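Each chain, written out:
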Amino acid sequence: VPDDYAYRYRTLNNTGSVSQTFTGAVTGAGALTGSGGLTLAVDKCTVAWTTVANVSTCTGVTSSVLSSAGVSTSPSIRYGAIAAGGNEYLRYKFAIPTAASYATFGNTTGTVTVAITGAAAAGVDRTAG
């Protein structure tokens, strides 16, 4: 139904031994992810999201990682640099736009995949202690 949405919360961990810059590639499959259908927005919180009675809140500072973009456009997500052993606390919002046609998207399904990759900067002094 137009204006419906769902949140999904994830923690992005840099398990490597050096700082890395992370990006996400979004792909969709199914009628719901077609042009004019499902949108995606990503926010991050400076601390882990707190969930009480099925409602999640950020008790730190929230900032936008990706403003709303159509899944059909395969948007790129730039998470930025995460220090070795560091975390990003993410909230993904999947929504059906207000202007979405129920005749087109009603009773349809779709799958969204976010593939995240990290890359360490080249040419950095990695001399230990």
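This text goes with the structure placed above it.
What counts, and at which threshold
Residues numbered from 1 in each chain as written. Predicted model: local features only at pLDDT ≥ 70, side-chain atom pairs only at ≥ 80, totals over all residues. Heavy atoms only, no water. Salt bridge = Lys/Arg side-chain N within 4 Å of Asp/Glu carboxyl O. Helix = DSSP H or I, 4+ residues; strand = E, 2+ residues; numbered from the N terminus. Buried < 20%, exposed > 50% of the residue type's maximum accessible area, 1.4 Å probe, protein only. Phe/Tyr/Trp six-rings, centres within 6.5 Å; stacked < 30°, edge-to-face > 60°. Lys NZ or Arg CZ within 6 Å of the ring centre and 35° of its normal.

Some words on the pattern of salt bridges
Inspection of the entire model under this criterion finds two salt bridges. For the salt bridge of arginine 91 with aspartate 43, the shortest nitrogen-to-oxygen distance reads 2.7 Å. Of the two residues, arginine 91 sits in strand E8 (residues 87-95) while aspartate 43 sits in strand E3 (residues 39-45), which places them 48 residues apart along the sequence. Pair check on accessibility: arginine 91 and aspartate 43 agree, each one buried.

Section: the packing of aromatic side chains
Under the defined criterion, the tally for this structure stands at four aromatic pairs. Note on tyrosine 92 and phenylalanine 94: the rings are 6.5 Å apart at their centroids and 15° apart in plane angle, and the pair reads as stacked. For the pair shown, tyrosine 92 and phenylalanine 94 are each scored as buried. Of the aromatic side chains, those joined through ring pairs into one cluster are Tyr5, Tyr7, Tyr9 and Trp49. Of note, lysine 93 hangs over the ring of tyrosine 5, and the distance from its end group to the ring centre comes to 4.6 Å.

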